[in-house]
Amino acid sequence: MDAGVAMLRIPRDEPVLFASDMHLSPEAPRTAARFLAALRRHGPDAAHVMLLGDLFELWVGDDGADPIAAELAEALARLSAGGARIWLMRGNRDFLIDAPLPDPAAVPYSRRCGATLLEDPTPLDLHGVPALLAHGDALCTDDLVYQQWRATCREATWQRAFLARPLAERFAVGRAVRETSEAGKREKPGALMDVNETAVRTAMRAAGARLLVHGHTHRPAVHDWMDEGVPRTRLVLTDWDADAARGSMLLWRAGEPVTLPPA
Ligand SMILES: [Mn+2]
């Protein structure tokens, strides 16, 4: 971390609502309804709402926002107007959130949500615990092909060229990339699709973090271990799929995580 960047500090009396990997899409209206209902039910209990990436199944630019994205933005903006801080992190599906469009008058999606973007990773003091937030894909270092693509598609020049293409063309490319990635997932061994333990250890040591919260792998769990004499915890958020009755939010209240029932 740069010495000049102030650490995000969340005091113990400010509950934080975490979720990730909702993969919102018009193709999965039940999942979107489940998530939005949970947000309406639990959002008002939180001082901070932190969405850690893959909010959307596919995001080809802020000008491609669909009605579900508009509904999420409205729900978040309402919570923001009510005094909550809203924080968004980009995932591997929605890495183009807020990427500058050719039209300089375009409103960045995070602004529609009343949200602040979080870098990936983001170190923070969470109720007194040194923590690190990440989407999780950058920690899957065994998947070299994916890491190469990740580096490319996060370059400003690549994004500028992509966002200059017509929306329909971007959707076609986005769908093709998604299909390639889904096919790859079926072929790649399971370990390749999980985080690399050395990458986790290195990231947590570098940040001095005792807690890592991430999503992406769709393997919700709490992993505890000792490293350099320090107890460390890696908390993996669940993905959302209403058809599989999957999806829940996590509320960090008074230093403890509480898994919330769906709405
Ligand atoms: Mn992901």
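In this text, all values refer to a predicted model and were calculated from it rather than measured experimentally. (Residues numbered from 1 in each chain as written. Predicted model: local features only at pLDDT ≥ 70, side-chain atom pairs only at ≥ 80, totals over all residues.)

**Remarks on the sheet that holds strand β4 (residues 85-89)**
In space, the six strands of this open sheet follow the order β5-β4-β3-β2-β11-β12, with mixed pairing throughout. Because the sheet does not close on itself, it has two edges, and the strands there are β5 (115-118) and β12 (256-259). Pairwise comparison of adjacent strand axes, ignoring direction, gives a mean angle of 25 degrees for this sheet. In this structure, strand β2 (residues 16-19) lies alongside strand β11 (residues 250-253), joined through three bridges in antiparallel fashion. If you follow V16 over to β11, its bridge partner there is W252. Packed onto the sheet, helix α2 (residues 67-81) meets β3 (48-52), β4 and β5 and runs at close to 140 degrees relative to β4. (Pairing = 2+ DSSP bridges. Helix = DSSP H or I, 4+ residues; strand = E, 2+ residues; numbered from the N terminus. Axes fitted to C-alpha atoms, helices over the stretch in contact; angles between N-to-C directions. Contact = placed C-beta atoms within 7 Å.)

**Notes on unusual backbone geometry**
With the exception of glycine, the majority of residues adopt a negative phi angle, and the majority of peptide bonds are in the trans configuration. Cis geometry is adopted by the peptide bond preceding P121, which originates at D120 and carries an omega value of 0 degrees. Tracing the sequence through the fold places P121 in the loop between β5 and β6 (122-126). The residue D98 is not glycine, and still its phi comes out positive at about 70 degrees. We note that H218 has phi near 60 degrees; this positive angle belongs to a residue other than glycine. Tracing the backbone through its elements, the reader meets H218 in the loop between β8 (211-214) and β9 (221-227).

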